[in-house]
Amino acid sequence: MNPPAETQEHTAQFPLEQGGDGSFQRQKDAFRRWVKNDKDAEFPAVADRYHLYVSLACPWAHRIILLRRFKGLESAIGLTVVDPIRNDTDGWAFRDGPGHTTDPINGFRLLKEAYLATDPSFSGRVTVPVLWDKHTRTIVSNSDDDLLRMLNSEFNAFARNAAPDFYPEPLRAEIDRLNEVIYQTVNDGVYRAGFATTQEAYEKGVYPLFDTLDLLETRLGRSRFLFGDQIVETDIRLFVSLIRFDPVYHGHFKCNLRRIADYQNLSRFLADFYELPGVAETVNFDHIKRHYYVTHDDINPTQIVPVGPWPLLPRKRS
C-alpha cells in the first residue's frame, strides 16, 4: 500500500536544479563569450571557424538552428545534431541514426567532452546549443540568448540573407520586454510545470503559462506576427515552444488547460511560421517526442511514446 500523498518522496528529473519547494530552477549558462565582427576580437567572425552542436529535440537549440537558416549561414557555420535520447549518466551523445550523426569535428563521443575540454572542472548539466571554436578548440558559448544575437549581427559578411534584422533597433526595448515575459512563463514555464515535484510548484508554473498564452492570443488577433508582418527574434522564441506544445507539453508536462489547437490566433501564427521557407526542415517530431518521453524517465517511467496527437500541427485558420 502506498503511503499517504503528503509523505511520499518525489524524484526530481534534475535534482541539482530543484528548489526545496519542489520548483524547477534552471541552471545558468556556463560559457558566455562572444564572437564579434572585429578581426582583433578574441573570437573574430570568420567563416568556417565555428561549429554548432545542437539537438533537433531541444527548443533552445531550435532557436539557433532557425536563425542560422533564416540568415543563410549554413556555409559559414557548420552544424552537428546529437542523438535525441539523452541519459543522466552520459548526457547528450553523438551517434549515427535518423537525423543525427557522430561528431565529424573532434570525434567526441559525448558532448560533455567539449565541456571538459573547455573547463576541466565543469560539473553541471551539459546543454545544447553549443558554439565550438575549431581554432582554439574550446566552447565559445552555450547561451542560446547570446547566440541569437551573434548570428543575427556578427556574421553578416558571410550570410546569404544579411538584410533581415531580427533585433531591429527601434523595437529592442519592446522585444526585450516581451522576450522576458515569454521566457519566464512560456519557454521556461512549461518546464516549471513539468519538472515540479509538488502540486504548489506545478500550479505556480502552469497558471502563468496560460495567462500569457491568453495575452498572446489577443495580441496575435491584431497582427500576423508578434510585431506586425516583420519576424523578429521574439517570434522564433515563441514558435519553438508552440511547436512542441500539443505533442509534448500538453500531456507530458501536464500543461493541459488548453491545447494550442484550441486557440484561433496562436494556431494561425504557428501554421504561418511553420510554412515560412526552410522552417519545416528544422522540425523533427520524431526527435522531439522520443527525447521528452524517453529521456524524462522520472516523469514517464514506462518510456512509452504517444502516437498522437493527429495532426501534429494545428490547422491554419483565417
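In what follows, the accompanying structure is described. These numbers were taken from a predicted model, which means no experiment stands behind them. (Residues numbered from 1 in each chain as written. Predicted model: local features only at pLDDT ≥ 70, side-chain atom pairs only at ≥ 80, totals over all residues. Heavy atoms only, no water.)

1. Looking at the overall build of the protein
Then, in step 1: For the protein, the helix and strand inventory stands at nine helices and four strands.
Then, in step 2: Walking the protein from its N terminus toward its C terminus, one meets helices and strands in the order β-α-β-α-β-β-α-α-α-α-α-α-α.
Then, in step 3: Here the C-alpha atoms of the protein give a radius of gyration of 20 Å, agreeing with the 20 Å that 2.2 N^0.38 yields for 318 residues.
Then, in step 4: Residues counted as buried form 56% of the 318 residues belonging to the protein.
Then, in step 5: Here the analysis covers contacts within the protein between residues at least 6 apart in sequence; of these, 70% occur between residues at least 24 apart.
Then, in step 6: For the protein, the accessible surface area stands at approximately 14,400 Å², while carbon and sulfur atoms represent 50% of it.
Then, in step 7: Charged side chains of the protein number 38 positive and 44 negative; the gap between the two group centres comes to 3 Å. (Helix = DSSP H or I, 4+ residues; strand = E, 2+ residues; numbered from the N terminus. Rg over C-alpha atoms; globule rule 2.2 N^0.38 Å. Buried < 20%, exposed > 50% of the residue type's maximum accessible area, 1.4 Å probe, protein only. Contact = heavy atoms within 4.5 Å. Areas by Shrake-Rupley, 256 points an atom, 1.4 Å probe, with all protein chains shown as cover. Lys, Arg positive; Asp, Glu negative; His and termini not counted. Charge placed at Lys NZ, Arg CZ, Asp CG, Glu CD.)

2. Remarks on the sheet that holds strand 1 (residues 50–54)
Then, in step 1: Spatially, the four strands line up as an open sheet ordered 2-1-3-4, and their pairing is mixed. Edge positions in the open sheet fall to strand 2 (78–81) and strand 4 (138–141), since each of these has one partner strand only. Ignoring which end each strand starts from, the neighbouring axes of this sheet average 35° apart.
Then, in step 2: When strand 1 meets strand 2, the two strands line up parallel, connected through four bridges. In the sheet register, Leu52 faces strand 2, and the bridge partner there is Leu79. (Pairing = 2+ DSSP bridges. Axes fitted to C-alpha atoms, helices over the stretch in contact; angles between N-to-C directions.)

3. Comments concerning unusual backbone geometry
Then, in step 1: Cis geometry marks the peptide bond from Val128 to Pro129; its omega dihedral reads 5°.
Then, in step 2: Mapped onto the secondary structure, Pro129 falls in the loop between helix 2 (112–118) and strand 3 (130–133).
Then, in step 3: Residue Pro311 is reached from Trp310 by a cis peptide bond, and omega for that bond is 0°.
Then, in step 4: Unusually for a residue other than glycine, Asp48 sits at a positive phi of about 65°.
Then, in step 5: You can see Asp48 is positioned in the segment before strand 1.

4. Considerations on the pairing of strand 4
Moving residue by residue along a regular strand, the side chains alternate between the two faces of the sheet.
Then, in step 1: Bridging between strand 3 and strand 4 involves three bridges; their strand directions are antiparallel. Residue pairing across strands places Asp133 opposite Thr138, the latter belonging to strand 4.
Then, in step 2: As consecutive antiparallel partners, strand 3 and strand 4 are separated by four residues, and within that stretch Arg137 has a phi angle of approximately 55°, a positive value.

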